[in-house]
Amino acid sequence: MARRQGIGAGVPVVANRRPCRADAAAARRLDVDPTTVGRRPRAVETALNAKLFERDADGRLRATDAGGIVIRRAEAIEAEVCNLD
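None of these values were measured; they are calculated from a predicted model.

A look at the overall build of the chain
On a plain count of helices and strands, the chain comes out with four helices and two strands. Overall, the chain shows an N-to-C arrangement of helices and strands of α-α-α-β-β-α. Looking at the chain as a whole, 34% of its 85 residues qualify as buried. Relative to all contacts within the chain whose residues are 6 or more apart in sequence, the contacts with residues 24 or more apart total 46%. Here the chain displays about 5600 Å² of accessible surface, and carbon together with sulfur accounts for 50% of that area.

The following block contains the structure:
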């Protein structure tokens, strides 16, 4: 159960973190605190036991291979939820 909760809360953040390339930009897009944008993906990483993001030499976020898979799934989930009406 805890594993699913960590993943569920992180889905919107994971889906929006990569295109924004910065936690502050993703936080503005999601209307959440920037610390949430860092914390929720870490919860997903812990639940999946996989690293989703790395920072390059310039400090920009880059998705790992596992991150790319999770991001695509998170984006699909987000799109389906948005089309429920």
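Some thoughts on the pattern of salt bridges
Applying the stated criterion across every chain yields a total of one salt bridge. Across the salt bridge formed by Glu54 and Arg62, the nearest N and O atoms sit 2.5 Å from each other.

Topic: a positive patch on the surface
A cluster of like positive charges, contributed by Arg39, Arg40, Arg42 and Lys51, occupies part of the molecular surface. Tracing the sequence through the fold places Lys51 in the loop between helix H3 (34–48) and strand S1 (53–55).

Side note on the packing of helix H2 (residues 23–30) against H3
Contact pair H2 / H3: the axes reach a minimum separation of 7 Å and the direction vectors enclose 100°. With respect to H3, the axis of H2 lies roughly perpendicular. Side by side, H2 and H3 meet where Asp23, Ala26 and Ala27 of the first sit next to Pro34, Val37 and Gly38 of the second. Here the contact of H2 with H3 is built from residues that sort into four nonpolar, one polar and one charged.

With respect to a nonpolar patch on the surface
On the surface, a cluster of nonpolar side chains totalling about 310 Å² of accessible area is made up of Ile77, Val81 and Leu84. Of note, Val81 is situated in helix H4 (residues 65–82).

Calculation rules
Residues numbered from 1 in each chain as written. Predicted model: local features only at pLDDT ≥ 70, side-chain atom pairs only at ≥ 80, totals over all residues. Heavy atoms only, no water. Helix = DSSP H or I, 4+ residues; strand = E, 2+ residues; numbered from the N terminus. Buried < 20%, exposed > 50% of the residue type's maximum accessible area, 1.4 Å probe, protein only. Contact = heavy atoms within 4.5 Å. Areas by Shrake-Rupley, 256 points an atom, 1.4 Å probe, with all protein chains shown as cover. Salt bridge = Lys/Arg side-chain N within 4 Å of Asp/Glu carboxyl O. Patch = residues over 30% accessible without salt bridge, like charges linked within 9 Å, V, L, I, M, F, W, Y side chains within 5 Å. Lys, Arg positive; Asp, Glu negative; His and termini not counted. Charge placed at Lys NZ, Arg CZ, Asp CG, Glu CD. Axes fitted to C-alpha atoms, helices over the stretch in contact; angles between N-to-C directions. Parallel < 35°, antiparallel > 145°, perpendicular 65-115°, else oblique. Nonpolar A, V, L, I, M, F, W, Y, C, P; charged D, E, K, R; others polar.

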